[in-house]
Protein chains: 8
Amino acid sequence: MTDDLYGIADLDLERTARRGYPEAIYCAGKTPEQVRRIAAAVAERPDVRTLFTRATAEHAAAVLESLPDAHHDPDAGLLAWPPEPPPPTGGLVLVLTAGTSDLPVAREALLTARYLGRQSELITDVGVAGLHRVLAKVERMRQARAIVVAAGMDGALPSVVAGLVSAPVIGLPTSVGYGAAFGGIAPLLTMLNACAPGVSVVNIDNGYGAGHLAAQIAAPVPEQP
Amino acid sequence: MTDDLYGIADLDLERTARRGYPEAIYCAGKTPEQVRRIAAAVAERPDVRTLFTRATAEHAAAVLESLPDAHHDPDAGLLAWPPEPPPPTGGLVLVLTAGTSDLPVAREALLTARYLGRQSELITDVGVAGLHRVLAKVERMRQARAIVVAAGMDGALPSVVAGLVSAPVIGLPTSVGYGAAFGGIAPLLTMLNACAPGVSVVNIDNGYGAGHLAAQIAAPVPEQP
Amino acid sequence: MTDDLYGIADLDLERTARRGYPEAIYCAGKTPEQVRRIAAAVAERPDVRTLFTRATAEHAAAVLESLPDAHHDPDAGLLAWPPEPPPPTGGLVLVLTAGTSDLPVAREALLTARYLGRQSELITDVGVAGLHRVLAKVERMRQARAIVVAAGMDGALPSVVAGLVSAPVIGLPTSVGYGAAFGGIAPLLTMLNACAPGVSVVNIDNGYGAGHLAAQIAAPVPEQP
Amino acid sequence: MTDDLYGIADLDLERTARRGYPEAIYCAGKTPEQVRRIAAAVAERPDVRTLFTRATAEHAAAVLESLPDAHHDPDAGLLAWPPEPPPPTGGLVLVLTAGTSDLPVAREALLTARYLGRQSELITDVGVAGLHRVLAKVERMRQARAIVVAAGMDGALPSVVAGLVSAPVIGLPTSVGYGAAFGGIAPLLTMLNACAPGVSVVNIDNGYGAGHLAAQIAAPVPEQP
Amino acid sequence: MTDDLYGIADLDLERTARRGYPEAIYCAGKTPEQVRRIAAAVAERPDVRTLFTRATAEHAAAVLESLPDAHHDPDAGLLAWPPEPPPPTGGLVLVLTAGTSDLPVAREALLTARYLGRQSELITDVGVAGLHRVLAKVERMRQARAIVVAAGMDGALPSVVAGLVSAPVIGLPTSVGYGAAFGGIAPLLTMLNACAPGVSVVNIDNGYGAGHLAAQIAAPVPEQP
Amino acid sequence: MTDDLYGIADLDLERTARRGYPEAIYCAGKTPEQVRRIAAAVAERPDVRTLFTRATAEHAAAVLESLPDAHHDPDAGLLAWPPEPPPPTGGLVLVLTAGTSDLPVAREALLTARYLGRQSELITDVGVAGLHRVLAKVERMRQARAIVVAAGMDGALPSVVAGLVSAPVIGLPTSVGYGAAFGGIAPLLTMLNACAPGVSVVNIDNGYGAGHLAAQIAAPVPEQP
Amino acid sequence: MTDDLYGIADLDLERTARRGYPEAIYCAGKTPEQVRRIAAAVAERPDVRTLFTRATAEHAAAVLESLPDAHHDPDAGLLAWPPEPPPPTGGLVLVLTAGTSDLPVAREALLTARYLGRQSELITDVGVAGLHRVLAKVERMRQARAIVVAAGMDGALPSVVAGLVSAPVIGLPTSVGYGAAFGGIAPLLTMLNACAPGVSVVNIDNGYGAGHLAAQIAAPVPEQP
Amino acid sequence: MTDDLYGIADLDLERTARRGYPEAIYCAGKTPEQVRRIAAAVAERPDVRTLFTRATAEHAAAVLESLPDAHHDPDAGLLAWPPEPPPPTGGLVLVLTAGTSDLPVAREALLTARYLGRQSELITDVGVAGLHRVLAKVERMRQARAIVVAAGMDGALPSVVAGLVSAPVIGLPTSVGYGAAFGGIAPLLTMLNACAPGVSVVNIDNGYGAGHLAAQIAAPVPEQP
């Protein structure tokens, strides 16, 4: 049976190569030593774009040993190698967030989309408690092909945004908040129950997943057979 | 000890009489027969304003036997006797809601506030997915002393309203919705985590409690000693 | 202020008209009488495409009084008027499901996408317990621009599908199952934690939302400024 | 569209200025460096009253660099600038609490109400397990326009208080307790289910929100149009 | 090994006979036909006192076929045979409850204690929202050896009672309430977190268990070896 | 790719045929009409043993139309065709349960194991509140190769049994109980936390799964390569 | 009103004095400095027996400054002053536990009962996975007037014990365990659903509450009027 | 009664000796000092194979003091003494896992099975997002008598594996993941709802339990009477 299975694996690799989606190494569950070994292996495959996500300072140091020129964004806990993102194709990806506390997760989404080959922009300081700030950005929002909305606490922003645009909105609940925010459960539920159609949701604090999905949605449309 | 305790009880009764807050009979946990007996007793105390809440058709029939002129609002599941609300005093109470499904709960709040002596108005068809409808009502909202916002699903409306007005907002989560709305838990959590200050929350579907509280907040300011 | 707000409302209407997204009437929270009145109003606006979702037999009868030629899919609980879907534009939308029990929700997604103007297909009888059936459909999956995967119980199918394709996968958890499926919470959590990037999630049993989102993702790419 | 939106923003600012509600900087989600930058900006706007909430010792030091005369209450984790609260207007705000452990949250509520311009008092050592202490304070409670009741563990105090007074009671659940207190969920649920009408609830440990709401409720009654 | 095990069984039966604790048949999980067969078997063992709990009208009819003189309390869903309770021994068992809705569960506790041989009394219409009614009963409460407090909604009454007496208080949470009462979870948590020592808790609506335990606590003190 | 995939499918079918595991049709999510069509198809494949699980009376009637000689156990909601179980091979499967209420689920497990080819026995009326009854069965328990323990409420029996035998114990939590049993969550958690090693757990009320697994564990040991 | 209220307060103090129940200071929510001040005040009231519970090493040091001869049990986190327990009255209190990890909570219960004036004993190393150890202690268990059973993980021991004795069993769930033990929720639910009557439950890890309740149950029977 | 009970205890010991199952000391709830004392006692019983599980570095040092030649696997937190596993009997136990983060738990399962006398192998780097890797191992999987599948996040792997093999699959949910993985609840639920029969589940991170159970399932088949 192995031949057939290798065939599937080959197709898989072929897809990665063709679409330019980078490999992602999730550091949170790994020791710095394990990350160091992976980075050393990555250094020998310059043809494969690689992201290291959820990297602490220790993880980052381990990566930079083997890949000293990797791009490192400490706020987002992300390293990218090669350091230059690919030239953007497809549509615009916007990442919206209300405030300072959501920034790490929002930046992880932003950079992931960028290193997957999309033009991506971050708009901060928009929150439903100050609608005028949201409304001031409507025009730019309407130019996006995919919008990531990172929000903690009440998580109400994706509903509001989805009512204003026709692009898909990716709700990115964050663990910001306290008490009955329950580490992100409150905004997660809010987003799952969004009144406006056009909202879907990823896991709490999953900036990488949100950015990856936005990049897929805003990808250049493939040729249909 | 009884004398002292009777003293406290007297104070309590005195308060009810002075403030004009009606008695409320919660029908949901009672048989129609029990409600019938209570209504018969109420008929002999025309000086005490009485509400029957969460009344089914059977409950209502039982009430109307003894109190045939009671006001009956079947949508809200509420009966009031005497049927005329007291002349309004204090400030304006607004009840906002997004749609048809929240109406029963919203009307329960509306009528409760009215029978506790407040001018009260209902504004429907405002939802965060259609911000222009919310914004069109801002001027009226700013004239209220207390605003009840009934919302199911994502429960995002109280956050938005509280960002637009300076009056207290009472979040009234409803069990409208399905799936991850969890019978009202989702909007309850949203409201507890409202980004804008000025929002507090009552129990799911507790229209009576929201209307009562709004009437208290908008009450004529008592003379301070 | 009203002029400005009307302006926003106009933009909103303009968008609906331009994109051809139908109005949707969620019947579950409404009485048949309320639905009847809405259908009568709809009958006078033949330019606006309208869906009635979560319609019981009673709801459907109320709709068909005023709109006798509406398309009615009893399994999906959906009615559409005018009955013919618009000519398809944009990319292919696939709806996958494992078995008989997920069909109502899956069909709701399928028809929503179709009435929003997409070519849409349903593939049933694919489940992770029979991988060969999943793998047999890989080629067709890779031709889709958006894939809705409806699944109850373990909800594992979206993870598997997302590992095989590069299109976005919309996880649609269903309340099928018993015990520790908790009315759809189990598959909802599974999908939120999907190992493969490219999966986002909508509310439990929200076939309308999944189909709407898929139609947005697979929409013809708008002209960028 | 920007002109209209700026109009809304202006109204918003006008409201803040007119009502004297301070700005609040939630420090918990921010680095000391971010707080330092905000404090420096605040120092240039002496006309805007500002609160820093949930401030650790590091946050406080960062604030005091730019605003050395700010009032700092380490127990409440709160700093206020300018240090003097405004002269009190409106009605009395009472903050009740059972014991030592609820004090930080209770003080945050107390000071917030004070810096929003209300006369505010703290009454401690009242708990339902010692009813005589509660009853000994009834007279003072009846002079308040708004009462914040901070309670952890069984959270039973707001029910008891609401049965004794006619002013609105704001339930402020605290995360004090262990085991099945579930970090404040137990008192939160107790308060949401209060038997006595007149109780609403804010988020767990949300002293700022409770104090802000109490100040709104007890505000001088605005002129009605 | 069987001899030893039979020995344990014998001890067990001996204990039941000596202490006079009745057998209890929990009807809720059984068909009327199964209950009928059990009642027929019971009819042949007049020496063993038997309770049938959670009996619907159908269950009751099935019991009364074989045991026509059994005592039947439809509100409590309880039948007892032989119909006369044993002469009371030990101390007084009090059952307190706030209102009409808790009565079925409270009566189940009351009757269980009585048929296990205790003097038992029911006090209704005591709730924390009307403290004077609670305080009026303090004297009688202090004469009890065990107090069952049935309460739904906020479940605050056991805390208050335990602060007033030195007898053990058995918290009996009921599923009365709605929304965030969560079918009895709210009062269950309240009681588990009671501020006053001396409160323990049984399962939601478990009137039988509460009455049984109260009877054990108030039992005549056995001779110590 | 299809050739390879067909290969996997073939292996799968081959396995079913060789091991004699029946097909199972889960009726709960299907209409009687759908079950009727499946039964008609089954009637043409007498070589494949088939079970219909979770069958209501309507489902059963639909099955018996096409398969009039199918074995039907109404308590277990199960039909089997051909009606005779295969001659038993492998080891003994025991199914233990405490009482009447757990019987439907226990019988589903019992019959599933039997129709998968195992000798299977049911032992009822063993519960931890009557240890002597458990201990009286220890000898028979020690002869089993796999033991299914169905239990609701406190779910304590699997822990006790696993401490007495060396065969694997399959915990089968049932939804029997009320209140804080939470529809089977309580016994599910109890079993997951069993003090004794050797216990694993299946879904609440999943008698089919427990019986299937027991049959696999007690299967004749295959020849190892 | 104050006179009456003082009356209630007096009764309360009278009760404490008469029954010899010690004051308890819950240290967990207090700073060492706060505990130090309380201990200094306690030192001036040698007539009132006092317990300090949940005391860390820092708390203990603070207590011992003012009360150098206090009895200190570091495992239980408890200090008692005066150091000698009162001469035992009433019946025997037993505290059972399965293993090493439950010991701190079990000792807190044991010592609390002892300092409230009961003879109290600890039996360890009894768990349902080794029934013979449980059974070996049955004779001693049957001599107790109240039995505290501390258990984590599956929490099955109280059910088993209650089936063997006629004294009340106080279930004391502990947070020992991991994963699906959920910090004590699993044993808490198990105990609430105990099959055997005679079990009630206190909060997770609430050794003080369990010991206090046991002392109340086993108290000398008061003279009845 | 003691004689009989000693009999049961003897049987128990006899069983342990005969089957060769080691004693296991769960270190997590113990102090290093307690572990040290246990290790000293173990050193005097070389005939009883002993495992120390969940051992930190401090625990390990304490064990190695008395048992310097014990086998220590720091990743798995496990020590075994005597250090050599027994010669393998029975069938093959496989442990599958997706990635680096699940390794500690997987190794605990692997080593437990090995020290209970089974041939055991670990297969890593198989995940549902890369089906080809799973399929490449099917042949080896089909040679196992029991398969442990450790998985965090979506926990989908056991469903997929159980569809490919006929051996029992033990789902071992791990606390790997974040956000809505809820410390292992998400994979736990997924596994409980596995579509494929043949999956049962142990507690989150319970590698010891999974390995023990696998060893029981794959044990040499005992002689049947």
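Residues numbered from 1 in each chain as written. Chains lettered and ligands numbered in written order. Predicted model: local features only at pLDDT ≥ 70, side-chain atom pairs only at ≥ 80, totals over all residues. Heavy atoms only, no water.

## Describing the pairing of strand 4 (residues 78-81) of chain G
Residue and element names in this part refer to chain G. Here strand 4 shows no split at all, with Leu78 and Ala80 on one side and Leu79 and Trp81 on the other all buried. Of the strand pairs in this sheet, strand 2 (residues 50-53) and strand 4 are connected by three bridges, and their pairing is antiparallel. Counted as the bridge partner of Thr50 is Trp81 from strand 4. Of the strand pairs in this sheet, strand 3 (residues 71-73) and strand 4 are connected by three bridges, and their pairing is antiparallel. Among the inter-strand pairings, His71 is bridged to a residue of strand 4, identified as Ala80. The hairpin turn running from strand 3 into strand 4, its antiparallel successor, is four residues long, and Gly77 in that turn takes a positive phi close to 65°. (Buried < 20%, exposed > 50% of the residue type's maximum accessible area, 1.4 Å probe, protein only. Helix = DSSP H or I, 4+ residues; strand = E, 2+ residues; numbered from the N terminus. Pairing = 2+ DSSP bridges.)

## Some words on the domain arrangement of chain A
All names here are of chain A. For chain A, the domain assignment lists domain 1 (3-81) and domain 2 (93-217). A separation of 25 Å is found between the C-alpha centroids of domain 1 and domain 2. Around 1200 Å² of area is buried between domain 1 and domain 2 when both sides are counted, 61% of it from carbon and sulfur atoms. The largest per-residue losses of area from domain 1 upon contact with domain 2 belong to Tyr21, Arg54 and Ala76, which jointly make up 35% of the total buried on that side. Where domain 1 touches domain 2, the interface holds one salt bridge. Connecting domain 1 to domain 2 are two residue pairs in polar contact (both at pLDDT 80 or more). (Domains from an automatic or database assignment. Buried area = accessible area lost by both parts, 1.4 Å probe. Salt bridge = Lys/Arg side-chain N within 4 Å of Asp/Glu carboxyl O. Polar contact = N/O pair within 3.5 Å; in protein donor to acceptor, adjacent residues only side chain to side chain.)

## Remarks on the interface of chain D and chain A
Taken together, the 16 residues of chain D in the interface contact 10 residues of chain A. Both faces combined, the contact of chain D with chain A buries some 1200 Å², and carbon together with sulfur accounts for 66% of it. If you look at where chain D meets chain A, you find four residue pairs in polar contact (both at pLDDT 80 or more). Among the secondary structure elements, those contributing two or more residues to the side of chain D that touches chain A are helix 1 (2-19) and helix 8 (185-192) of chain D. Looking at the side of chain D that touches chain A element by element, the count peaks at four residues for helix 1 of chain D. (Contact = heavy atoms within 4.5 Å.)

## Remarks on the confidence of the model for chain A
Residues and elements named next belong to chain A. Taken as a whole, chain A shows an average pLDDT of 88; of its residues, 89% reach a score of 70 or greater. Counted against residues more than four places away or in other chains, residues 1-15, with its pLDDT under 50, gives 19 contacts. The ipTM for the predicted assembly is 0.90, set against a pTM of 0.92. (pLDDT = per-residue confidence, 0-100.)

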